[in-house]
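An overview of the molecular structure
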Amino acid sequence: MSDLVYERNADYIPRIAAVHDLCGYGKCSLGVAIPVLSAAGCDVCPVPTGLFSSHTAFPGWYMHDTTNILEDYLKAWEGIDVEIDAIYSGFLGDPKQVEIIGSLYEKYPKAIKFVDPVMADHGKVYPTYTPELCDAMAKLAGKADVLTPNLTEAAIILGEPIGDEWEGTDITDEQAHAKVKALLELGARNVVLKGVQREGEKKIRNFVGGEEVDGIIEVNNDYVEYMLHGTGDVYASCVLAGVMKGVSLEKSVEFAGDFVHDAMLVSAKQPHFMDRGVSFETLLHKVCDLH
């Protein structure tokens, strides 16, 4: 059994379709994916699912839904013979966008399908996500080569309740393993279940299972006692960066957790850091050096 999701040719620059929103202020989505994956030596081709003035933690944000332009946008790629090695999807704005991603899967059947099901956290669904969009995202999750949900997103995908019991992240190893196995049974090839944190601990635990992993393993990182918007996008982008560099999934997950931890420490030195989001720019050399 190979532990690699993607085998990289040293001289080849892989091309990634990044199906995410574009956010003006507050670093997340394409604003994170493009620099992180570029640092990994990848050619990032944006497919913008929406345009945001800022991330949704700010009051009075503006969103422009790009669903109506995406079919023509991607059809134009066909006319110039674009080849894609990975399809990386994150925040989506409409159930039809899931269909459009499905058409990309059909067009590029050999591409790595990396799904970060960005739709909820800490027991709360994001304000732009309708039940229909959550259902569509759950179906997309079953097609992933690598799926990276947090606990709330895993519950939505599995059709489990996300009430008060999902506001905490204190679950046992057995519960975490059961969720990873259930997500694999839905069709995902590999699963990274993020953000298990137990009371009194200073660790964040992530559980990884699938075809490229021997059983279900735990990868943990030191906990930083504040939350920043965009860390999930940095984490997922770093996991994919490792995968596309030909690094094992386990090592990619470990690297992603360490990178986010270090970026949060850098962020705390910036003015208004709780609003502006995670500052990762000075650490991009670590992505370049990953092997």
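Refer to the structure printed above.
Below, the structure is looked at part by part. Small disclaimer: the values here were computed from a predicted structure and weren't measured.

A short note on the nonpolar core
- Leu 37, Leu 249, Phe 259 and Val 287 are the most contacted members of the largest nonpolar core, which totals 50 residues.
- Counting residues per element, the ones that place at least two in this core are strand 1 (15–25), helix 1 (30–39), strand 4 (86–89), strand 5 (112–115), strand 11 (216–222), helix 7 (231–244), helix 8 (249–267) and helix 10 (284–289).
- With 9 residues, helix 7 is the largest single contributor of residues to this core.

Some points on the environment of Ile 216
- By secondary structure assignment, the location of Ile 216 is in strand 11.
- Take Ile 216: its relative accessible area is 21%, and that puts it in the partly exposed class.
- Discounting chain neighbours no more than four positions away, the residues touching Ile 216 are His 177, Val 180, Lys 181, Phe 207, Val 208 and Gly 209.

Some words on the pattern of salt bridges
- Here the structure, examined in full by the defined rule, presents 15 salt bridges.
- Between Lys 286 and Asp 262 there is a salt bridge, and its shortest N-O distance comes to 2.8 Å. You can see Lys 286 sitting in helix 10 and its partner Asp 262 sitting in helix 8, a full 24 residues away along the chain.
- Under the relative-accessibility criterion, Lys 286 is labelled partly exposed at 30%.
- With a relative accessible area of 22%, Asp 262 lands in the partly exposed category.
- Salt bridges linked by common partners bring Lys 113, Asp 145, Arg 189, Glu 211 and Glu 212 together as one network.

A closer look at the side chain of Thr 128
- Note on placement: Thr 128 falls in the loop between strand 7 (124–125) and helix 4 (131–141).
- The residues touching Thr 128, leaving out its near neighbours within four places in the chain, are Trp 61, Met 63, Phe 91 and Leu 133.

Description of the environment of Met 227
- As for its position among the elements, Met 227 is in the loop between strand 11 and helix 7.
- Met 227 sits in the exposed class, given a relative accessible area of 53%.
- For the pair formed by Met 227 and Lys 194, sequence separation is 33 residues and the distance between their alpha carbons is 14 Å.

Comments concerning the state of the cysteines
- Scanning all chains against the criterion turns up 0 disulfides.
- The thiol sulfur of Cys 42 is not disulfide-bonded, and the nearest other cysteine sulfur, from Cys 45, lies at 10 Å.
- Classification of Cys 42 by relative accessible area gives buried; the value is 7%.

Digging into the packing of aromatic side chains
- Evaluation of the coordinates by the stated rule reveals 8 aromatic pairs.
- Note on Phe 52 and Phe 91: the rings are 5.4 Å apart at their centroids and 85 degrees apart in plane angle, and the pair reads as edge-to-face. Here the residue Phe 52 occupies a position in strand 2 (residues 43–54), and Phe 91 occupies one in the loop between strand 4 and helix 3 (95–107), the gap between them amounting to 39 residues.
- On the basis of relative accessibility, which here comes to 10%, the residue Phe 91 falls in the buried class.
- Chaining the aromatic ring pairs together yields one cluster made of Phe 52, Trp 61, Phe 91 and Tyr 129.
- Cation over ring: Lys 113 sits above Tyr 105, and NZ or CZ is 5.6 Å from the ring centre.

What counts and what doesn't
Residues numbered from 1 in each chain as written. Predicted model: local features only at pLDDT ≥ 70, side-chain atom pairs only at ≥ 80, totals over all residues. Heavy atoms only, no water. Core = buried A, V, L, I, M, F, W, Y, C linked by side-chain atoms within 4.5 Å. Buried < 20%, exposed > 50% of the residue type's maximum accessible area, 1.4 Å probe, protein only. Helix = DSSP H or I, 4+ residues; strand = E, 2+ residues; numbered from the N terminus. Contact = heavy atoms within 4.5 Å. Salt bridge = Lys/Arg side-chain N within 4 Å of Asp/Glu carboxyl O. Disulfide = S-S within 2.5 Å. Phe/Tyr/Trp six-rings, centres within 6.5 Å; stacked < 30°, edge-to-face > 60°. Lys NZ or Arg CZ within 6 Å of the ring centre and 35° of its normal.

Just geometry here; none of it tells us what the structure is for.
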